[in-house]
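Descriptive analysis of the structure
As a plain string of letters, each chain reads:
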Amino acid sequence: VQLQASGGGLVQAGGSLSLSCAVSGNTAGIDFMGWYRQAPGKQREFVAAVRWNVGSTFYADSVKGRFTISRDNTKNSVYLQMNSLKPEDTAVYYCAAGLRAILSTIRRPSSYDYWGQGTLVTVSS
């Protein structure tokens, strides 16, 4: 499984940005997809996740109500719509794929088997 994230860029606070993650390879075994982010000097943190077939979604409290994760199985893609962006949302955003969902651990990086290369989002104040 290969993941290619795109859509990052520079945006003013309060603005919006949409990220995409193209999934290729053997996607049959994917159970869930997630977005993570890592700001300079900080640990990678969970942003959102979606069950690949079921479509149920999960969010970090810090982005709930502002970000929306979605997937299009026909296009093998996952999206992250980010609204009302804040300077603290500045980070490199990564998409990830997990093969076996354990809902209690879906927010842990160790639950994901494949990672994309990341795309930089910068929110100016």
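For the structure, see preceding data.
Predicted, not measured: the structure shown is a model, and the values here were computed from it.

Where burial is concerned, the two faces of strand β3 (residues 17-24) differ: the one with L17, L19, C21 and V23 is buried and the one with S18, S20, A22 and S24 is not. Of the pairings in the sheet, the one linking β3 to strand β8 (residues 77-82) comprises six bridges and is antiparallel in character. Each residue of the ladder has a partner; that of S18, found in β8, is Q81.

This paragraph deals with the state of the cysteines. Applying the stated criterion to the full structure yields one disulfide. Between the sulfur of C21 and that of C95 lies a disulfide, 2.1 Å long from S to S. Between C21 and C95 the sulfur-sulfur dihedral comes to about 65 degrees; the bridge is accordingly right-handed. Of this pair, C21 sits in strand β3 while C95 sits in strand β9 (residues 91-98), placing them 74 residues apart in sequence. C21 gets classed as buried once you look at its relative accessible area, which sits at 0%. The exposure class of C95 is buried, given its relative accessible area of 1%.

Parameters and conventions
Residues numbered from 1 in each chain as written. Predicted model: local features only at pLDDT ≥ 70, side-chain atom pairs only at ≥ 80, totals over all residues. Heavy atoms only, no water. Buried < 20%, exposed > 50% of the residue type's maximum accessible area, 1.4 Å probe, protein only. Helix = DSSP H or I, 4+ residues; strand = E, 2+ residues; numbered from the N terminus. Pairing = 2+ DSSP bridges. Disulfide = S-S within 2.5 Å.

Purely geometric stuff here, so don't read any function into it on its own.
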